[in-house]
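# Residue-level structure breakdown
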Amino acid sequence: GENVEQHPSTLSVQEGDSAVIKCTYSDSASNYFPWYKQELGKGPQLIIDIRSNVGEKKDQRIAVTLNKTAKHFSLHITETQPEDSAVYFCAASKAAPARQLTFGSGTQLTVLP
Amino acid sequence: EAQVTQNPRYLITVTGKKLTVTCSQNMNHEYMSWYRQDPGLGLRQIYYSMNVEVTDKGDVPEGYKVSRKEKRNFPLILESPSPNQTSLYFCASSWEGDTEAFFGQGTRLTVV
């Protein structure tokens, strides 16, 4: 089955700096790669996603890049703010028909004021 | 408001006492799933359902049961809970498995 590895497990950055979280996946048939943000005491919430026919996607301060050949994808957050502090999860969708999501182990991001 | 509602939010129980965690969504989503979240392991899928009366095992199904008799509800059943099922549980729903998943607030279960 699919295996998703995520690094680093913890990341501290100064406010205003950029943060990068990286994930690799094992199943070359996976074609959907979402990123979720989990704030303390809440369920994960989708912040951005990318499909395998696209190499990069941006939404304001957040961007995701995908390298299908190397089977890795990354989340980039620019101009970080204290409210970006949370746990971030990457995920990959298995092939049809079930299209199950397999999650990475998470990254605790702390933005220091 | 579009939401996924889980109950209870917190539960402490004893080994072997059957329990059910309820999950309900109001978005008419076809796909629902259950995950458990443990430190350092991320979210692992327990069971999923692609539609009413259609359920299948995820990555860690042992010790759990589910049912999908109505589109909006997807309860998680632990018939004989054990301490290794102490975890944070999330229900999620989406249009399909590879579209945005909406998560509930979570159920923190402790089995003693």
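See the structure above.
Summary of the structure given here. Sequence order sets the numbering: in each chain, residues are counted from 1 along the sequence as written. Lettering for chains starts from A, numbering for ligands starts from 1, and both go in the order in which the items are written. Local features in a predicted model are, by the rule used here, given only for residues with pLDDT of at least 70; side-chain atom pairs are given and counted only at 80 or more, and totals for whole chains, interfaces and linings are based on all residues. With hydrogens and water set aside, each side-chain value is computed from the structure's full complement of heavy atoms.

### Here we look at the overall build of chain A
When its secondary structure is counted, chain A shows zero helices and eleven strands. Scanning chain A from its N terminus toward the C terminus, one meets helices and strands in the order β-β-β-β-β-β-β-β-β-β-β. As defined in this context, the radius of gyration uses C-alpha atoms, and a globule is described by 2.2 Å times the residue total to the power 0.38. Against the globule reference of 13 Å for 113 residues, chain A gives a C-alpha radius of gyration of 14 Å, in line with a compact fold. Based on the C-alpha atoms only, the size of chain A along its principal axes is roughly 45 × 30 × 20 Å. Note on classification: 1.4 Å probe, protein chains only; a residue is buried when its accessible area is under 20% of the maximum for its type, exposed when over 50%, partly exposed between these limits. Across the 113 residues of chain A, 46% fall into the buried class. In what follows, residue pairs with any heavy atoms lying within 4.5 Å of each other are defined as contacts. Sequence separation of 24 or more characterises 52% of the internal contacts of chain A that already satisfy a separation of 6 or more. On chain A, the mean spot of the 11 positive side-chain charges and the mean spot of the 12 negative ones are 8 Å from each other. Helix and strand labels come from DSSP, where a helix needs a run of H or I of at least four residues and a strand needs a run of E of at least two; each type is numbered from the N terminus. Note that His is not counted, nor are the chain ends; the positive residues are Lys and Arg, and the negative ones are Asp and Glu. A charged residue contributes its charge at one atom only: NZ of Lys, CZ of Arg, CG of Asp or CD of Glu.

### A closer look at unusual backbone geometry
Of the consecutive residues His7 of chain A and Pro8 of chain A, the connecting peptide bond is found in the cis state with omega at -5 degrees. Relative to the elements of secondary structure, Pro8 of chain A occurs in the loop between strand S1 (4-7) and strand S2 (10-14). The omega torsion of the bond from Asn7 of chain B to Pro8 of chain B falls at 0 degrees, within 30 degrees of zero and hence cis. Assignment of secondary structure puts Pro8 of chain B in the loop between strand S1 (4-7) and strand S2 (10-13). Although it is not a glycine, Gln60 of chain A adopts a positive phi angle of roughly 55 degrees. Along the chain, Gln60 of chain A turns up in the loop between strand S6 (56-59) and strand S7 (62-67). A positive phi angle, close to 60 degrees, is found at Asn28 of chain B, a residue other than glycine. In this structure, Asn28 of chain B sits in the loop between strand S3 (19-25) and strand S4 (31-38). The exposure class assigned to Asn28 of chain B is partly exposed, which follows from its relative accessible area of 47%.

### Let's talk about the pattern of salt bridges
All names here are of chain A. Any carboxyl oxygen of Asp or Glu that lies within 4 Å of a side-chain nitrogen of Lys or Arg is treated as forming a salt bridge with it. Scanning the entire structure with this criterion turns up eight salt bridges over all chains. The shortest N-O distance in the salt bridge between Lys42 and Glu39 comes to 3.6 Å. Judged by its relative accessible area of 42%, Lys42 falls in the partly exposed class. The exposure class of Glu39 is partly exposed, given its relative accessible area of 32%. With a closest N to O distance of 3.0 Å, Asp49 and Lys57 form a salt bridge. Classification of Asp49 by relative accessible area gives buried; the value is 17%. The partly exposed category is assigned to Lys57, whose relative accessible area is 36%.

### Re the sheet that holds S1 of chain B
Residues and elements named next belong to chain B. On the basis of which strands lie adjacent, the open sheet formed by four strands has the order S1-S3-S8-S7 and antiparallel pairing. Edge positions in the sheet fall to S1 and strand S7 (65-66), since each has one partner strand and no second. Should DSSP find at least two bridges between two strands, the strands are taken to pair. Inspection of the sheet shows S3 paired to strand S8 (residues 76-78) by three bridges, in the antiparallel sense. Directly across from Leu19, in S8, lies its bridge partner Leu78.

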